[in-house]
Amino acid sequence: NPVAGGKKNLTITAKVSGNNATVTAQLIGTTINLQKKQDINSTTALYEGVFELNFTLAPSNYTIEANAASQGEQATATVSFDWLVLTAFELDSSALKLNVQPGATTTMSGDSDFSTKGKPTIRNIGNTIINIALASPGFMIGNASTKISAANIRASFDSGGSFNSTLAKTLASTL
């Protein structure tokens, strides 16, 4: 299982016969050296290594290939595992407040800093694509006799803050 927004250590253990073996393992183009952890007897030992997997690794079935070489002999073994789907996101604001006046434009810019609560941040911390849906019932002013409709509210997830990009939408009253 991936760890939301983090890394997961995947430990590989190999039981190898042969004196002073060199043991490696390959996963997704990365090779690690397994270190001797324990002698079992005079000719066999346990070797161990760790792959560090990032949460962004795509969900799939992956194969690890271990290779051992000792005194001119070689052996190869493989093992497969499923890296599961993780859908997760984090945001730093539970409510957003704007001072909006009819006919005026008000902007609330987000950022990448989770410590600035007044600038909303949404970050994908899983390994799948997520879609964020926004809606607004509109805004009421004072005694609710004046209403700014959702059709006058635009949101953008464009990193440059553009409301003309494909990542910008006019809100509706439903998602």
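Conventions adopted
- Residues numbered from 1 in each chain as written.
- Predicted model: local features only at pLDDT ≥ 70, side-chain atom pairs only at ≥ 80, totals over all residues.
- Heavy atoms only, no water.
- Salt bridge = Lys/Arg side-chain N within 4 Å of Asp/Glu carboxyl O.
- Helix = DSSP H or I, 4+ residues; strand = E, 2+ residues; numbered from the N terminus.
- Buried < 20%, exposed > 50% of the residue type's maximum accessible area, 1.4 Å probe, protein only.
- 1 Å grid on protein atoms, 1.4 Å probe; cavity = no way out; pocket = protein on both sides within 12 Å on 5 of 7 lines; lining within 4 Å.
- Points joined across faces, edges and corners; volume = space filled by probe spheres on them.
- Nonpolar A, V, L, I, M, F, W, Y, C, P; charged D, E, K, R; others polar.
- Contact = heavy atoms within 4.5 Å.
- Pairing = 2+ DSSP bridges.
- Axes fitted to C-alpha atoms, helices over the stretch in contact; angles between N-to-C directions.

Asker: Can you break down the pattern of salt bridges residue by residue, with the values?
Answerer: This structure, assessed with the given rule, holds 3 salt bridges. Of the charged contacts in the structure, one is a salt bridge between E52 and K7, with a shortest N-O distance of 3.9 Å. Remark: K7 occurs in strand β1 (residues 7-17) and E52 occurs in strand β4 (residues 44-54); sequence separation between them is 45 residues. Given the relative accessible area of 53%, E52 is considered exposed.

Asker: Hey, could you go over the layout of surface pockets for me, with residue numbers and the actual values?
Answerer: Empty space within the second largest pocket amounts to approximately 220 Å³. The residue makeup of the lining of the second largest pocket, split by class, is 9 nonpolar, 4 polar and 1 charged.

Asker: Can you break down the environment of S93 residue by residue, with the values?
Answerer: Tracing the backbone shows S93 in the loop between β7 (89-91) and β8 (122-124). Linking S93 and F114, residues 21 residues apart in sequence, is a C-alpha distance of 8.9 Å. The contact partners of S93, leaving out residues within four places of it in the chain, are K117 and P120.

Asker: Could you give an account of the sheet that holds β4, with specific residues and numbers?
Answerer: Strand order in the open sheet formed by 6 strands is β1-β4-β3-β2-β5-β6, with antiparallel pairing between adjacent strands. This sheet does not close on itself; its edge strands, each paired only once, are β1 and β6 (73-83). Going from strand to strand, the sheet's axes swing by 25 degrees on average, the running direction of each strand aside. Sheet topology note: the strand β3 (residues 30-39)/β4 ladder contains 4 bridges and is antiparallel. Looking across to β4, one finds that K36 is bridged to Y47.

These figures come from the coordinates and say nothing about function on their own.
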